[in-house]
Amino acid sequence: MALVETRDLVKNYIMGEETVRAVDGVSLSIERGEYVAIMGASGSGKSTFMNMIGCLDVPTSGEVRIDGIATQDRDGDALAELRNQKIGFIFQQFNLLARTTALDNVAVPLIYAGLGSEERRERARAKLEEMGLGDRTDHSPAKLSGGQQQRVAIARALVTDPVILLADEPTGALDSKTSEDIMAIFERLNDQGITIIVVTHEAEIADHAKRRIEFRDGKVVEDVLVAHRRMVSA
């Protein structure tokens, strides 16, 4: 069974008197352990597709299954629970709580998972140490570099042990050297068996993936395995 599966996926938006088909009949599967780059220009449908497989939005028609669970008929609370259990999110602008320490930022998803305070902090500390930030646990985002903030965000995404890591333009706010450091972390996590889906418009970032899916006008126009992906050292 595929980890992510879509069948005839459609998402329409009403713009005045016009109906815009942002995603137009997309059917594809992503297997457990894959490292996939989803590419496309602005307006191609890649972000809309990401929102649906990330359980942030529901399709107009068609099906989405995450780890065998159909999402299109679930209500908001059920989708939130599925997100918390199955998907870790990483965003371009980090989305950290400004007045909260790195440790407490990482622990936030565990509140929704129902864990007690001591266990939340213990698990958050362990993830920060994995990201090389064991000495930054009490720092607020303002006291961290962009790369450190993104590593906090990665730790937060991983703290619930998700089956999918979904990254939306994860290096868009970073310089080239720091971007390489982040991609090295992704490669290491994928080598450990974590399924990674990166949404990007940057070819250099897509080159790190093992599979590339390109969107144009709401449709998949290319879906290829990458024979010689770019590698960096963690």
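As a reminder, the structure under discussion sits directly above these lines.
Being a predicted model, the structure only gives us computed values, none of them experimental.

K.L.:
Just to check I follow, could you spell out the pattern of salt bridges for this structure?
P.N.:
Oppositely charged side chains can form a pair if their charged atoms are brought close together. Going through the model one piece at a time under the given rule, you end up with 17 salt bridges. Of the charged contacts, one joins Asp 24 and Lys 219 as a salt bridge, the two residues approaching to 3.1 Å between their closest N and O atoms. Here Asp 24 is found in strand β2 (residues 18–30), whereas its partner Lys 219 is found in strand β10 (residues 219–225), with 195 residues between them in sequence. Through salt bridges with shared partners, a single network forms among Arg 123, Lys 127, Glu 130 and Asp 161.

K.L.:
Looking at this structure, I do not really get the packing of aromatic side chains. What am I missing?
P.N.:
To describe a pair of aromatic rings, you give the distance between the ring centres and the angle between the ring planes. In this structure the tally under the stated criterion is two aromatic pairs. Considering the side-chain rings of Phe 49 and Phe 215, the 5.1 Å spacing of their centres and the 45 degrees angle between planes classify their relative orientation as tilted. Separated by 166 residues along the polypeptide, Phe 49 in helix α1 (residues 46–53) and Phe 215 in strand β9 (residues 211–216) bring together distant segments of the chain. On the basis of relative accessible area, Phe 215 is assigned to the buried category, the value being 1%. Ring geometry for Phe 89 versus Phe 91: centroids 5.9 Å apart, planes at 5 degrees, classification stacked. The buried category is assigned to Phe 89, whose relative accessible area is 15%. Judged by relative accessible area, which is 24%, Phe 91 ranks as partly exposed.

What counts and what doesn't
- Residue numbers here run from 1 along each chain, matching the order of that chain's written sequence.
- A pLDDT threshold of at least 70 governs which residues receive local features in this predicted model, and a stricter bar of 80 or more applies before side-chain atom pairs are shown or counted, although totals over entire chains, interfaces and linings include all residues.
- For side-chain calculations, the full set of non-hydrogen atoms in the structure is used, while hydrogens and water are omitted.
- The term salt bridge refers to a side-chain nitrogen of Lys or Arg lying within 4 Å of a carboxyl oxygen of Asp or Glu.
- Counting from the N terminus, the helices are DSSP H or I runs at least four residues long and the strands are E runs at least two residues long.
- By convention, a stacked pair of Phe, Tyr or Trp rings (six-membered ring in the case of Trp) has centres within 6.5 Å and planes under 30 degrees apart, an edge-to-face pair has planes over 60 apart, and any other such pair is tilted.
- Burial classification: accessible surface area is computed with a 1.4 Å probe over protein chains only, and a residue below 20% of its type maximum counts as buried, one above 50% as exposed, and the rest as partly exposed.

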